[in-house]
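Residue-level structure breakdown
Listed below are the residues making up each chain.
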Amino acid sequence: MKVKVLSRNPDDYVRETKLDIQRVPRNYDPSLHPFEVPREYTRALNATKLERVFAKPFLASLDGHRDGVNCMAKHPKSLSTMLSGSCDGELKVWNLTKRECVRTLQAHEGFVRGMVVRFCGTSFFTVGDDKTIKQWKMETPGYGEEEEPLNTILGKSVFTSIDHHQKEGVFVTCGQQVDIWDEQRSSPIRSFSWGVDSFSCVRFNPVETELLASCASDRSIVLYDMREATPLKKVIMNMRSNTLCWNPMEAYNFTCSNEDYNLYTYDMRYLDKPFTVHMDHVSAVLDVDYSPTGKEFVSASFDKTIRIFPKDSGHSREVYHTKRMQHVISIKWSSDNKYILSASDEMNIRLWKANAAEKLGLVRQTVLFLSFTSSVRTSSNLQVPGIKSNVMKERWISEQCRMLTINR
Amino acid sequence: MPCAFIKFCCQLVCEKLNVCNDRIRKSKMCFDNKLSEGDKINLSDLIGTLDKTPSALIKTKKQLKNLQHNQSTLETPLTRKETERIQREVAFEKTSKEVSRWQSVVLQNQKAEQLVFPLNQEPSGPKRIEQVVAGWKAQTPLEQEIFSLLRMNKQPLHDPVLTPTEEASLRAMSLEEAKIRRAELQKARVLQSYYEAKAKRERKIKSKKYHRVQKKVMRKEYLKQFDEMVKTDPAAALEELKKMELSRMKERMSLKHQNSGKWAKSKAIMAKYDDGARKAMQKQLEVNKDLTLKLVIPADEDEEDEEESAETLPDFVNDAEHILDQVNPWMRGKLSTDPMVQEESNRLDPPVVRPRELGTPGEGRDDQEEDEEQMEETEEEALLRGFEERPDQPKAGPGVGQGESPALLEEGLVRVRTLEDVELLSQDVSASDPAPLTTTQTPGTEETDTQSATQQADKKRKRKKMIDPNEVLTKEAKVIKMPLAPTAVEDVEGKEEQRVIIKEAFAGDDVISDFLKDKRKQEEAGRPKVIDLTLPGWGEWGGLGLQPSRSKRKRFRVKVAPPPPRQDQKLPNIIISEKRDSSIAAHQVCQLPFPFENPTQFERTIRSPVGRTWNTQNTVQKITAPKVVTQLGAIIEPIAREYLIKDNRQAVTGPSINLESDQGPQKKRRSQQKKKHKRKKN
């Protein structure tokens, strides 16, 4: 007689050591786990709600300026260093990890209009209302030394903005015209002007480093190539653009912040129409900065809010505001993609998380329910301050009216 | 002016050099003289002096002369504004082209499942010792000896850990490419070995029957291919035909299938006793005859025929009988049917083309067979004759229709129908009401007689068909052109005709009942169904063969309340779909999101659950992996030009591999499709 005996391989269930985790066999048979769609929906809803619950983006406020902060600059080599210039000509260097000011200097008389750190991080340039360009050392002067600029260039008119080339000792300023300067010379090596207008912002393309774009007061955006003798192209919009920012990962895309409450993303090859219009702000947009990944950008507005937009979406995914924050003048996205810095009228610089619900520090892995998150209602229901929501309501109503009239 | 200037120059030269050469003085005098005469100095005067120095200055002379003749003015230069505009346009085009190089990189990043920033990260983990001690130098003699040995063998010393050959191979191919290539090679090798094994296996099969069948299959396939080729690529088919002919010739030349082989000899001995052997011998003989037969293509023209006969004379001597047999039935000594009758029958039924039988008339068979054969022969003959006659003389039946058609063509629309169709229609109409038959078939009054002729022909054909229904099947569909009723004629007759035509066109197409059926079906589908919510084993024993109790089944059978009345309830001729649900629509997607290509794909993805309960740990991690990964505290630089160069190199090497692995078009399609990822939000 043959006896059949149940036999199992102990390798399947015996732990090698006592410290190993017990193996828990699971049956994934779908018939054993019914109602998958409703259950997943609930989970997704909960996840989204929790994300909102945990959304605490505000990290710190850096105070110390005695006037509204007009401009900021990131350090290209050090994440913890940040510079800010205020309306009274004062410039402060901040240590972000310690959240304190490490250096203060009186850079200009009147506004500090623009600031940029040289690509190597050893010095920085400022322009101000006193028609000067000044170059400063990044190091704090030793005990007993005077705070003095390395270089001072006296221009003919007020400079409104400055930007530095990514790799060479060349920088660009704008005011009545766009000037390209060599660091070694005291006069511009090239000047671009196209009609009579004053420029508010000029930016180097971080990828194709010879390209430039500027916003002019005649509602236009002008593109330049440093190697060419003439500007490349001009696009005139309905209202004036305040600033623009190139996408650091896509060489031909840039976004400009406009006075008509919107932001426009352009492909520089096809300037006849923007390929995305980003709406949601309820007042003029003053500044814009791309995330270093090129997937999103952040905008600062006169409506006292900061909004984060995915680069190809028409509406913002996030809005940041506090009771005390006034008109936000300048905004920067930190170069490790984790923080946002905003400088506003009421003399403060604020540090925010780029991802509001993200836990910074030790993180346990969490599951995202991707398939539902966008259909869950809560995620798009961001809380906005009363005035703003009223404005938005009005806007919505007016839009509806417009649609009605069109339909008629 | 020029003279004054020259004079001035001369003076200057004189004064400056203070050398009063005779020559200068002379020339000055000369100029003075000329000037004193009050004439202008022409260019020709100066050239005249040049005439005396012929050799060297001819070129200059020519140029000067050209200058003298060329009187047209230059165009005015463009204004500054315009030139600037042109410059701008050119510069913009140039830069935009330059910037467009990034397109592929941008698209690639957009499609990437996951992007890890910073982009150019060094591989994490412990570094190799060789990299760490890059700055280290050999000091002791032993070390130096080792190093010299390494150097001699081209082994890496410091930083480059890989040998030059390894590095070269790395540079040539990235890891992914190498993987793809390896997979391809593997596949090819597997296929090759598979085919080899198959061939070997087949070669080992000894069964003759198998091989015979195999050969037959091959031949069939070949023929099929050939037929297709005839349709698609006649030129190639002709080429193939020639090749076949050539092989046949070769066969003829060789002694194959002659009764001289080893096998044939053995069979010859066996043939006395064995019936099968005899048959086999006969078969071989037949094959031999078939092969050695000289093909004669019947010529259309007499001259050609003559020429051919002249050419083929020597062959003709060899096997005269065959040729005569084929061409001329009289030579066989057997009488066929009366030629006139045959011709008529030919006209009436155009024969079916049987290309196989054209060249191979049966021979050396029994007498009984011969009669049938004769019939076939006559048919073939008729066919040949038919070929000859066709171009110059149309046949009686369809000929009338064809002859008439041009005149009718001018009137208006021409409708092409097959004869069978016409017959069918006429039958149909005659079955329903015999009266309008004439009206349907006679569109114009003038053509009645011709029409009747065609009818008669039709009737004739019909009669014939009744006699021999098999012929109908073998017959090819004859196309004749029938005039459509002229639409311009506005009489009752015409309208009626129109109606009849429409009726004919939509015969058996009951739209109304179809619609009603459809509507009923939809209503049926919308009706609520009884839902059975019984869970077996809940509160009682469950298992195989056990049914939940009746009371429970009754209790958990839910009758759903009837839905609100359908919108099209009182509209008999409308169906309004009730599928759309506004409450669900808020959660539905109005546009297909970016990476998906069709709705089913998207639906499948959406339907499959994401959570841990339904998936293994690995799958969950894979599904929910974040799109962008960044490192806290790592500075992300803007994308660098080197990245572009790297990508370009990949793009250059990429397509050749893609073509082989059939991934090319797919990839292309994916890249072309650029849709916005957008979901409807409420």
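This is a predicted model, so every value here is computed, not measured.

Rules and cut-offs
Residues numbered from 1 in each chain as written. Chains lettered and ligands numbered in written order. Predicted model: local features only at pLDDT ≥ 70, side-chain atom pairs only at ≥ 80, totals over all residues. Heavy atoms only, no water. Helix = DSSP H or I, 4+ residues; strand = E, 2+ residues; numbered from the N terminus. Buried < 20%, exposed > 50% of the residue type's maximum accessible area, 1.4 Å probe, protein only. Areas by Shrake-Rupley, 256 points an atom, 1.4 Å probe, with all protein chains shown as cover. Salt bridge = Lys/Arg side-chain N within 4 Å of Asp/Glu carboxyl O. Core = buried A, V, L, I, M, F, W, Y, C linked by side-chain atoms within 4.5 Å. Contact = heavy atoms within 4.5 Å. Axes fitted to C-alpha atoms, helices over the stretch in contact; angles between N-to-C directions. Parallel < 35°, antiparallel > 145°, perpendicular 65-115°, else oblique. Nonpolar A, V, L, I, M, F, W, Y, C, P; charged D, E, K, R; others polar. Phe/Tyr/Trp six-rings, centres within 6.5 Å; stacked < 30°, edge-to-face > 60°. Buried area = accessible area lost by both parts, 1.4 Å probe. Polar contact = N/O pair within 3.5 Å; in protein donor to acceptor, adjacent residues only side chain to side chain. Disulfide = S-S within 2.5 Å. Pairing = 2+ DSSP bridges. pLDDT = per-residue confidence, 0-100. Patch = residues over 30% accessible without salt bridge, like charges linked within 9 Å, V, L, I, M, F, W, Y side chains within 5 Å. Lys, Arg positive; Asp, Glu negative; His and termini not counted. Charge placed at Lys NZ, Arg CZ, Asp CG, Glu CD.

**Quick look at the overall build of chain A**
Along chain A, the regular secondary structure elements total three helices and 28 strands. Expressed as a percentage of its 408 residues, the buried residues of chain A come to 50%. Surface accessibility of chain A: about 20500 Å² in total, with carbon and sulfur atoms responsible for 53%.

**Observations concerning the pattern of salt bridges**
By the definition in use, this model includes 27 salt bridges over all chains. With a shortest N-O distance of 3.2 Å, Glu228 of chain A and Lys94 of chain B are connected by a salt bridge. Of this pair, Glu228 of chain A sits in the loop between β16 (220–225) and β17 (233–236) while Lys94 of chain B sits in helix α5 (residues 80–100), each in a different chain. Look at Glu228 of chain A and you get buried, because its relative accessible area is 16%. Its salt-bridge partner being Glu84 of chain B, residue Arg80 of chain B comes within 3.7 Å of it at the nearest N-O pair. Residue Arg80 of chain B and its partner Glu84 of chain B are located together in helix α5, separated by four residues, close to a single helical turn. Residue Glu84 of chain B is classed as partly exposed on the basis of its relative accessible area, which comes to 27%. Salt bridges here are not isolated pairs; linked through shared partners, they connect Arg52, Glu296, Arg317 and Glu318 of chain A.

**Regarding the nonpolar core**
In globular proteins that are soluble, nonpolar side chains generally tend to be buried together. Ile221, Leu223, Leu244, Phe254, Tyr266 and Met268 of chain A together with Trp102 of chain B are the most contacted members of the largest nonpolar core, which has 32 residues in total. Where this core is concerned, the elements lending two or more residues are β15 (211–216), β16, β18 (241–246), β19 (253–258) and β20 (263–267) of chain A together with α5 and α6 (103–111) of chain B. In contact with Trp102 of chain B, other than residues within four places in its own chain, are Val207, Glu208, Ala251 and Tyr252 of chain A together with Ile639, Ala640, Arg641 and Leu644 of chain B.

**Points about the environment of Val610 of chain B**
Residue and element names in this part refer to chain B. Tracing the backbone shows Val610 in the loop between α30 (599–607) and α31 (617–623). What makes Val610 buried here is its relative accessible area of 7%. Sequence-wise, Val610 and Ile623 are 13 residues apart; in three dimensions their C-alpha atoms are separated by 7.0 Å.

**Brief notes about the packing of helix α11 (residues 208–232) of chain B against helix α12 (residues 234–253) of chain B**
Residue and element names in this part refer to chain B. At their nearest, the axes of α11 and α12 sit 6 Å apart, and the two run at 140 degrees to each other. One finds that α11 runs oblique with respect to α12. Of the residues in α12, those touching α11 at Tyr222, Phe226, Met229, Val230 and Thr232 are Pro234, Ala236, Ala237, Glu240, Leu241 and Met244. When its residues are assigned to classes, the contact of α11 with α12 shows nine nonpolar, one polar and one charged.

**Quick word on the packing of aromatic side chains**
Residue and element names in this part refer to chain A. The final tally for this structure, using the stated rule, is 12 aromatic pairs over all chains. For the pair Phe159 and Trp181, a centre-to-centre distance of 6.0 Å together with 75 degrees between the ring planes defines the contact as edge-to-face. Residue Phe159 is found in the loop between β9 (151–154) and β10 (161–164), and its partner Trp181 is found in strand β12 (residues 178–182); the two are separated by 22 residues along the sequence. Relative accessible area serves as the criterion here: at 4%, Phe159 is assigned to the buried category. A relative accessible area of 3% places Trp181 in the buried class. Look at Phe171 and Trp181: their rings are 6.1 Å apart centre to centre, the planes differ by 5 degrees, and that puts the pair in the stacked class. A residue pair is termed long-range when its members are at least 10 positions apart, and Phe171 in strand β11 (residues 170–174) and Trp181 in strand β12 qualify at 10 residues. The same class applies to Phe171 and to Trp181, which are both buried. The structure contains a cluster of three or more aromatic residues connected by ring pairs, namely Phe125, Phe159, Phe171 and Trp181.

**Notes on the interface of chain A and chain B**
Facing 58 residues of chain A, the contacting portion of chain B comprises 52 residues. Here chain A meets chain B over a buried area of about 4900 Å², counting both sides, of which 57% is carbon and sulfur. The largest contributions to the chain A side of the interface with chain B come from Glu208, Met249 and Arg269 of chain A, which together make up 13% of the buried area. The tally of links between chain A and chain B comes to five salt bridges. Arg227 of chain A is paired through a salt bridge with Glu98 of chain B; the nearest N and O atoms lie 3.5 Å apart. Seen at the junction of chain A and chain B, the total is 17 residue pairs in polar contact (both at pLDDT 80 or more). When contributions to the side of chain A that touches chain B are tallied by element, the ones reaching two or more residues are α1 (36–53), β16 and α2 (370–373) of chain A. Broken down by element, the side of chain A that touches chain B gets its largest block of residues, five residues, from α1 of chain A. Taken together, the residues of the side of chain A that touches chain B break down into 25 nonpolar, 13 polar and 20 charged.

**Quick word on the environment of Pro248 of chain A**
Within the secondary structure, Pro248 of chain A is located in the loop between β18 and β19. What makes Pro248 of chain A buried here is its relative accessible area of 9%. Spatially, the C-alpha atom of Pro248 of chain A lies 5.7 Å from that of Gly294 of chain A, the residues being 46 residues apart in sequence. Contact partners of Pro248 of chain A, with chain neighbours within four places excluded, come to Pro206, Val207, Tyr290, Ser291, Pro292 and Gly294 of chain A together with Pro638 and Ile639 of chain B.

**Section: the state of the cysteines**
Residues and elements named next belong to chain A. Under the counting rule described, the total for this entry stands at zero disulfides over all chains. For Cys201, which is in no disulfide, the shortest distance to another cysteine sulfur is to Cys215 and amounts to 4.8 Å. Residue classification places Cys201 among the buried positions, given a relative accessible area of 1%. The cysteine Cys245 is free of any disulfide, with Cys201 supplying the nearest cysteine sulfur at 8.6 Å.

**Overview of the side chain of Asp225 of chain A**
Structurally, Asp225 of chain A is set in strand β16. Within the local environment of Asp225 of chain A, its side chain forms a polar contact with the side chain of Arg227 of chain A, the two groups lying 2.9 Å apart. Non-local contacts of Asp225 of chain A, meaning those with residues more than four positions away in its chain, are made with Phe192, Glu210, Leu211 and Leu232 of chain A together with Thr95 of chain B.

**Considerations on the sheet that holds β9 of chain A**
Residue and element names in this part refer to chain A. Read across the open sheet, the four strands follow the order β6-β7-β8-β9; overall the sheet is antiparallel. Only two strands of the sheet have a single partner each, and these edge strands are β6 (112–117) and β9. Averaged over all pairs of adjacent strands, the angle between their axes in this sheet comes to 15 degrees, without regard to strand direction. Inspection of the sheet shows strand β8 (residues 132–137) paired to β9 by four bridges, in the antiparallel sense. When the bridges of β9 are listed, Ile133 appears paired with Ile153.

**Things to note about the confidence of the model for chain B**
One rule of thumb: low pLDDT means the predicted coordinates there are not for detailed reading. Residues and elements named next belong to chain B. On average, chain B scores 68 in pLDDT, and the residues at 70 or more come to 54%. This stretch, residues 425–450, has a pLDDT under 50; its non-local contacts, to residues over four places away or in other chains, come to 27 contacts. Per-residue pLDDT stays below 50 along residues 653–682; that stretch engages in 46 contacts with residues further than four places along the chain or on separate chains. Both scores are available for the predicted complex, with the pTM at 0.54 and the ipTM at 0.86.

**Details of a negative patch on the surface**
Among the surface-exposed residues, Asp11, Asp12, Glu16 and Asp20 of chain A lie close enough to one another that they form a single negatively charged patch. Assignment of secondary structure puts Asp12 of chain A in the segment before α1.

**A look at the pairing of β19 of chain A**
Residue and element names in this part refer to chain A. Taking burial as the measure, the six residues of β19 include six buried ones, the bulk of the element. Sheet topology note: the β18/β19 ladder contains five bridges and is antiparallel. By the bridge assignment, Leu244 is partnered in β19 with Cys256. Where β19 lies against β20, five bridges are found, and the strand directions are antiparallel. Note that in β20 the partner of Thr255 across the bridge is Thr265. Hairpin connection from β19 to β20: four residues lie between these consecutive antiparallel strands, with Tyr261 at a positive phi of about 75 degrees.

**Examining the side chain of Thr613 of chain B**
Inspection of the secondary structure puts Thr613 of chain B in the loop between α30 and α31. For Thr613 of chain B, a relative accessible area of 12% corresponds to the buried category. A polar contact of 2.8 Å, which involves the side chain of Thr613 of chain B, links it to the side chain of Arg43 of chain A. Beyond its immediate stretch of four places on either side in the chain, Thr613 of chain B contacts Arg26, Tyr28, His33, Arg39 and Arg43 of chain A.

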